Amino acid sequence: MSLSFPFLLALLFLVGPAAGTLGTLVPDPSPAPTSPSDFSSNFIPGSGSISSPSTRSGSVTVSQPFSNFTGSRDDQGTCLCSVRLPDTTFPVERVERLEFTAHILSEKFERELSKVKEYVQLISIYEKKLSNLTVRVEIMEKDSISYTKLDFELIKIEVKEMEKLIIRLKDGFIGSSEIVDQLEVEIRNMTLLVENLETLDKNNVLAIRREILALKNKLRECEASRGENVPVTPPAPAPGSCAHGGVVNISRPSVVQLNWRGFAYKYGAWGRDYSPQNPEGLYWVAPLNTDGRLLEYYRLHKTLDDLLLYINAREYRITYGQGGGTAVYKNHMYVNWYNTRNIAKVNLTTNTVAVTQTLPDAAYNNRFSYANVGWQDIDLAVDENGLWVIYSTEASTGNMVISKLNDTTLVVLNTWHTKQYKPSVSNAFMVCGVLYATRTLNTKTEEIFYYYDTNTGNEGRLDIIMNKMQERVQSINYHPFDQKLFVYNDGYLLNYDVIFKQEPH
């Protein structure tokens, strides 16, 4: 390319620093001819500027020329020359190294970002666990119930597990650990609080308080009955006995724990196997799948402590259970067979089907299920008298039907028709041949509002308040020997003490 000499000097001045080999272009002037003539230019590396030639003793001196350029002068006296810049003017190698380094840094950043996301999720999980433990400890602080050593051991096990997780999280955490440190402090405080509560309980403070409350209640009863010719209240009926006047009240719920499959499994049933010959049977938990319909897995525990600690469990799988109307009687589980009106009897020792039987005319597949629960058109129940089934038929126009079953063959022995519409009922259970039905009052309260006595054919209204932990009650099972209700409440396992009307001797 052809450039004017001043412009060429400016160009080399700008390009020189980028190449890292800045040079000086020095023209070698000829003696002042009037006609165009050739001249030489020198490029001196490392000077950092374009310099004019310096004359010493009439000669032009330059330092270590890198290249010589031949030029000419035109008619107007302007110097012209052609210059070929070296390939090293643009730092290609440096740019490539920069790109490679940037790629490595990008990959490292992505890896660290994924770790941060994982840590954020773990921290969220630990915060929820800590919040849950905080609520449970607050309940233990405020409640007047005397807790056993097992209750405290369960809390301490969960706290220790969280301590291990937080240590592991700190070891792998890169960057600001303020949130992690805060969680660690809260977990340490939780440990101290549980230990203090346990110490208080060892001193029997809560137990003594409960005894004092019971004595106060007895004193009130004596005071109220003083001066009146009222017979002394007889003791509670013997376990498994029907020597009472029916259910008149129930206690506040005792929260056993969340079901073993987790929060997502809100539908299901739980209880305890009952047999007149072996009244203290296995505990069983049968959560439905997350669709709220299929009963696929269930667990058996020999003791309540095993259930609480999730240990020594026998877990089984079936593929045909439907709904939460499950009941267990004499070491057999009774379920509604999937997508039919059949009832299946499952041997709990072998996990095999012993008998299946069709329930005549029974509606099924959500035709007449309970108000807040699907797939429970057929609800099996156990009481002091044996095995029952609660359902509806098209002929009953959706009203509740009660049938007594032969627990061996599943044949219907007798049937009673009620006037209570089943889809308006939230759930039901049997005690001594009497059906008790519940309905929802609000998100924290149910009411036992209806009964039907198969012994007399009488039916009527009740107003027994039933507190609950979560919004929906999925199933209720009664155990005659324990005289308790086992309630599955949005995934939580609750139980209630049943209080009977005492009949004077």
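Residues numbered from 1 in each chain as written. Predicted model: local features only at pLDDT ≥ 70, side-chain atom pairs only at ≥ 80, totals over all residues. Heavy atoms only, no water.

A. Local environment of the overall build of the protein. Each helix and strand counted, the protein has six helices and 27 strands in total. Across the 505 residues in the protein, those meeting the buried criterion constitute 42%. A separation of at least 24 residues holds for 55% of the contacts in the protein among residues at least 6 apart in sequence. (Helix = DSSP H or I, 4+ residues; strand = E, 2+ residues; numbered from the N terminus. Buried < 20%, exposed > 50% of the residue type's maximum accessible area, 1.4 Å probe, protein only. Contact = heavy atoms within 4.5 Å.)

B. Expanded view of the pairing of strand S16 (residues 352-358). One ladder, built from six bridges, connects strand S15 (residues 342-347) with S16; its direction is antiparallel. Pairing of isoleucine 343 across the sheet is with glutamine 357, part of S16. (Pairing = 2+ DSSP bridges.)

C. Structural detail: the sheet that holds strand S23 (residues 445-453). As summarised here, the arrangement of the four strands in space is S21-S22-S23-S24, forming an open sheet in which the pairing is antiparallel. A strand with exactly one partner marks an edge of an open sheet, and here the two such strands are strand S21 (427-431) and strand S24 (459-467). Shown here is a sheet whose adjacent strand axes are inclined to one another by a mean of 30°, direction ignored. (Axes fitted to C-alpha atoms, helices over the stretch in contact; angles between N-to-C directions.)

D. View of the nonpolar core. If you look at the biggest cluster of nonpolar residues, it comprises 19 residues, and the most contacted ones within it are Val247, Ile250, Val431, Leu485 and Val487. Those elements giving two or more residues to this core turn out to be strand S8 (247-250), S21, strand S22 (434-442), S24, strand S25 (473-479), strand S26 (484-489) and strand S27 (492-500). In this structure, Leu288, Tyr316, Val328 and Met333 belong to the second largest nonpolar core, which totals 17 residues. (Core = buried A, V, L, I, M, F, W, Y, C linked by side-chain atoms within 4.5 Å.)

E. Structural detail: the packing of aromatic side chains. This model, assessed by the stated rule, comprises eight aromatic pairs. Between phenylalanine 449 and tyrosine 450, the ring centres sit 6.3 Å apart and the planes meet at 45°, which makes this aromatic pair tilted. Three or more aromatic residues joined by ring pairs make a cluster, and in this case those are Trp270, Tyr283 and Phe486. Across from the ring centre of tryptophan 388, 5.7 Å away, lies the NZ or CZ of lysine 404, which sits over that ring. (Phe/Tyr/Trp six-rings, centres within 6.5 Å; stacked < 30°, edge-to-face > 60°. Lys NZ or Arg CZ within 6 Å of the ring centre and 35° of its normal.)

F. Structural view of the confidence of the model for the protein. In the predicted model, the protein carries a mean pLDDT of 80, and 68% of its residues have values of at least 70. Contacts for the low-pLDDT stretch residues 17-66, under 50 throughout, to residues beyond four places or in other chains number 109 contacts. Ignoring residues within four places in sequence, the model shows residues 229-234, a span with pLDDT below 50, making five contacts including any to other chains. (pLDDT = per-residue confidence, 0-100.)

G. Region of interest: the sheet that holds strand S20 (residues 412-421). As summarised here, the arrangement of the four strands in space is S17-S18-S19-S20, forming an open sheet in which the pairing is antiparallel. What marks the edges here is a single partner per strand, and that holds for strand S17 (379-383) and S20. In this sheet, adjacent strand axes meet at a mean angle of 25° when their direction is disregarded. Where strand S18 (residues 386-391) lies against strand S19 (residues 399-405), five bridges are found, and the strand directions are antiparallel. Across the sheet, the residue bridging to tryptophan 388 is lysine 404, located in S19.

H. Representation of the pattern of salt bridges in the model. Inspection of every chain in the model, using the stated rule, returns eight salt bridges. One salt bridge connects arginine 367 with glutamate 394, and the closest N-O pair in it is separated by 2.8 Å. Separated by 27 residues along the polypeptide, arginine 367 in the loop between S16 and S17 and glutamate 394 in the loop between S18 and S19 bring together distant segments of the chain. Taking the relative accessible area as the measure of exposure, arginine 367 reaches 45% and is therefore partly exposed. Between arginine 439 and glutamate 447 there is a salt bridge; the shortest N-O distance is 2.9 Å. (Salt bridge = Lys/Arg side-chain N within 4 Å of Asp/Glu carboxyl O.)

I. Representation of the side chain of glutamate 447. Mapped onto the secondary structure, glutamate 447 falls in strand S23. Classification of glutamate 447 as buried rests on a relative accessible area of 9%. Excluding residues within four positions of it along the chain, glutamate 447 makes contact with Ala437, Thr438, Arg439, Leu441, Leu462, Asp463 and Ile464.

J. View of the state of the cysteines. Considering all chains together, one arrives at one disulfide under this definition. What pairs with cysteine 242 in a disulfide is cysteine 432, and their sulfur atoms sit 2.1 Å apart. Around the S-S axis, the bridge from cysteine 242 to cysteine 432 shows a dihedral of about -95° and counts as left-handed. Separated by 190 residues along the polypeptide, cysteine 242 in the loop between helix H5 (205-225) and S8 and cysteine 432 in the loop between S21 and S22 bring together distant segments of the chain. For cysteine 242, a relative accessible area of 35% corresponds to the partly exposed category. (Disulfide = S-S within 2.5 Å.)

K. Fine view of the environment of valine 247. Its place among the elements puts valine 247 in strand S8. The exposure class of valine 247 is buried, given its relative accessible area of 6%. Linking valine 247 and lysine 501, residues 254 residues apart in sequence, is a C-alpha distance of 6.2 Å. If sequence neighbours within four positions are ignored, valine 247 has contacts with Val431, Tyr436, Ile464, Val498, Ile499 and Phe500.

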